[in-house]
Amino acid sequence: MEREHTKEDMTRAVRQMQDHILANLRGRISADDLARAAGYSAWHAQRIFRELTGQPPFEYIRRLRLSQAALALRDKPARVLDVALDFMFDSHEGFTRSFSKEFGVSPARYRKQPKPVKLFLPYPLPLRQKQNEGENRMNDGTSKTIFVQVIERPARKILLKRAKTAREYFAYCEEVGCDVWGVLTSVKEALYEPVGLWLPAKLRPAGTSEYVQGVELPLDWNGPVPEGYELAEFGPAMMMIFQGEPYDDENFEEAVVAVMKKIDGFDPSLYGFAWAPDAAPRFQLAPEGWRGYIEARPVRPSGNSRIK
């Protein structure tokens, strides 16, 4: 009989299984492999994986393989059969059935004409540090370095999905779900990675949210727009980009809040600019600890630099 495990123990075990799956996605993964990664029996490992991720581990593996296969078909001149075998599908027929069921289009057709599809992009479960074990490097919010630069964004289109009332990420997820990123990531012609945006009032139709998620596209993009999404056209803009220091992924909320507070207190006139909140959307990149939190806010030249 297995001993009682804490929620922290179980979260760590599932995270270890997720890491093992990602590292071995193109190889054989057995129930025993996952059990060894988790440090539990095979039965208990599968039970807690389903409890914490919402799906059985081999359904999770199947969907993740299909999504990575879709990106391979989109970006590489590979045969469908080769991609199927690379991602551990036994046959062209079995891969085609699974792919078509997951994305509503056959892999052969998707390879010829990629369209936005809902990729499965699971996030690793966050691991919390034990009490008194280390300290979040961003908590003090007083002495850490933030890199600042100004860039010019050209006129472009944005494929986006609106909510009704959301003003930040978590409220947005509650309204529309947390799988929007998968669709945005699948768009081959994207200029940059997907972003979360805070839209100024002039870019928000009545009854729609301030916070949305979207991906920037060339002005001449005329691809298929998925149901529930829309295309918006934004003019050129000058953006001040802020990038915080790298942080531990387990502490992303504290790190993001600390950088946001620093941005709120920043004086752009130091560099000869003024805030221009109505000129363009403010946006954030997906928080990833290895690069630090990145956010951009619109500015305009003020001719008032305080740097001599």
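These lines cover the structure that appears in this document, whether it is placed above or below. (Residues numbered from 1 in each chain as written. Predicted model: local features only at pLDDT ≥ 70, side-chain atom pairs only at ≥ 80, totals over all residues. Heavy atoms only, no water.)

1. Some points on the overall build of the protein chain
Next up, step 1: Secondary structure assignment for the protein chain yields ten helices and nine strands.
Next up, step 2: On the principal axes, the C-alpha backbone points of the protein chain span a range of 65 × 55 × 35 Å.
Next up, step 3: Out of the 308 residues in the protein chain, the part that is buried amounts to 44%.
Next up, step 4: Counting contacts in the protein chain only where the partners sit at least 6 residues apart, residues at least 24 apart contribute 75% of the total.
Next up, step 5: Total accessible area on the protein chain is roughly 16,800 Å²; 50% of this is exposed by carbon and sulfur atoms.
Next up, step 6: The protein chain carries 44 positive and 42 negative side-chain charges, and their two centres are separated by 4 Å. (Helix = DSSP H or I, 4+ residues; strand = E, 2+ residues; numbered from the N terminus. Buried < 20%, exposed > 50% of the residue type's maximum accessible area, 1.4 Å probe, protein only. Contact = heavy atoms within 4.5 Å. Areas by Shrake-Rupley, 256 points an atom, 1.4 Å probe, with all protein chains shown as cover. Lys, Arg positive; Asp, Glu negative; His and termini not counted. Charge placed at Lys NZ, Arg CZ, Asp CG, Glu CD.)

2. Describing the environment of Ile294
Next up, step 1: By secondary structure assignment, the location of Ile294 is in strand S9 (residues 294-301).
Next up, step 2: Along the backbone, Ile294 and Met260 are 34 residues apart, and their C-alpha atoms lie at a distance of 9.5 Å.
Next up, step 3: If sequence neighbours within four positions are ignored, Ile294 has contacts with Ile241, Phe242, Gln243, Gln284 and Leu285.

3. As for the packing of aromatic side chains
Each pair of aromatic rings is reported with the distance of its centres and the angle of its planes.
Next up, step 1: Tallied over the entire structure, the rule returns twelve aromatic pairs.
Next up, step 2: The interplanar angle of 55° and the centroid separation of 5.6 Å between the aromatic rings of Phe95 and Phe99 together place this pair among those described as tilted. In this pair, Phe95 and Phe99 both sit in helix H6 (residues 92-103), four residues apart, roughly one turn of the helix. Taken as a pair, Phe95 and Phe99 share a single burial class, namely buried.
Next up, step 3: An aromatic cluster of three or more residues is present, and its members are Phe89, Phe95, Phe99, Phe103 and Tyr110. (Phe/Tyr/Trp six-rings, centres within 6.5 Å; stacked < 30°, edge-to-face > 60°.)

4. Notes on helix H3 (residues 42-53)
Next up, step 1: The end-to-end C-alpha distance of H3, which contains twelve residues, comes to 16 Å, matching closely the 16 Å that a straight helix rising 1.5 Å per residue would cover.
Next up, step 2: The complete set of buried residues in H3 reads His44, Ala45, Ile48, Phe49 and Leu52. The arc enclosing the buried residues of H3, seen along the axis, measures out at 130°, which places them on a common side. Opposite the packed face of H3, turned more than 90 degrees from it, sit the exposed residues Trp43 and Arg50.
Next up, step 3: Those residues of H3 hidden inside the fold are in contact with helix H1 (7-23), helix H2 (31-38) and helix H4 (57-75).
Next up, step 4: At the exit of H3 stands Gly54, carrying a positive phi of roughly 90°. (Expected span 1.5 Å × (residues − 1). Arc of directions from axis to C-beta.)

5. Digging into the nonpolar core
Next up, step 1: Counting 27 residues, the largest nonpolar core has Leu159, Tyr172, Leu184, Val187, Tyr229, Met240 and Tyr293 as its most contacted members.
Next up, step 2: If you list the elements that add at least two residues to this core, you get helix H9 (180-185), strand S4 (211-217), strand S6 (237-243) and helix H10 (252-264).
Next up, step 3: Here the element with the most residues in this core is H10; it accounts for five residues.
Next up, step 4: Residues within four places of Tyr293 in sequence aside, it is in contact with Trp198, Phe242, Gln243, Gly244, Tyr247, Val256, Val259, Met260, Gln284, Leu285 and Pro287.
Next up, step 5: With 19 residues, the next largest nonpolar core counts Val14, Tyr40, Leu52 and Leu125 among its residues. (Core = buried A, V, L, I, M, F, W, Y, C linked by side-chain atoms within 4.5 Å.)

6. Considerations on the side chain of Gln284
Next up, step 1: Its place among the elements puts Gln284 in strand S8 (residues 282-285).
Next up, step 2: A polar atom in the side chain of Gln284 sits 2.8 Å from the side chain of Tyr211.
Next up, step 3: Reaching out from Gln284, the side chain makes a polar contact with the side chain of Tyr293 at a distance of 2.8 Å. (Polar contact = N/O pair within 3.5 Å; in protein donor to acceptor, adjacent residues only side chain to side chain.)

7. Examining unusual backbone geometry
Next up, step 1: At Met88, a position not held by glycine, the phi torsion is positive, near 70°.
Next up, step 2: Along the polypeptide, Met88 turns up in the loop between helix H5 (80-86) and H6.

8. Focus on the pattern of salt bridges
Next up, step 1: According to the stated counting rule, one finds 19 salt bridges in the structure shown.
Next up, step 2: We note a salt bridge from Asp33 to Arg36, for which the minimum N-O separation is 2.6 Å. With Asp33 and Arg36 both in helix H2 and three residues apart, the pair spans about one turn of that helix.
Next up, step 3: Given the relative accessible area of 16%, Asp33 is considered buried.
Next up, step 4: Given the relative accessible area of 60%, Arg36 is considered exposed. (Salt bridge = Lys/Arg side-chain N within 4 Å of Asp/Glu carboxyl O.)

9. Some remarks on the side chain of Glu295
Next up, step 1: Counting through the fold element by element, Glu295 comes out in strand S9.
Next up, step 2: On the basis of relative accessibility, which here comes to 0%, the residue Glu295 falls in the buried class.
Next up, step 3: At 2.8 Å, the side chain of Glu295 and the side chain of Arg282 are in polar contact.
Next up, step 4: There is a polar contact of 2.6 Å between the side chain of Glu295 and the side chain of Tyr293.
Next up, step 5: Not counting the four nearest positions on each side in its chain, Glu295 is found in contact with Trp198, Met240, Ile241, Phe242, Met260, Ile263, Arg282, Phe283 and Gln284.

10. Examining the packing of H1 against H2
Next up, step 1: Remark: H1 packs on H2, axes separated minimally by 8 Å, with the N-to-C direction vectors making an angle of 130°. Looking at the two axes, H1 sits oblique to H2. Viewed along their axes, H1 and H2 form a crossing whose handedness is right-handed. Taking contact as the criterion, the partners of Ala13, Gln16, Met17, His20 and Ile21 in H1 are, on H2, Asp33, Leu34, Ala37 and Ala38.
Next up, step 2: For the contact of H1 with H2, the per-class residue count stands at six nonpolar, two polar and one charged. (Axes fitted to C-alpha atoms, helices over the stretch in contact; angles between N-to-C directions. Parallel < 35°, antiparallel > 145°, perpendicular 65-115°, else oblique. Left-handed = near helix turned anticlockwise from the far one by under 90°. Nonpolar A, V, L, I, M, F, W, Y, C, P; charged D, E, K, R; others polar.)

Keep in mind that these numbers describe shape and distance, not what the molecule does.
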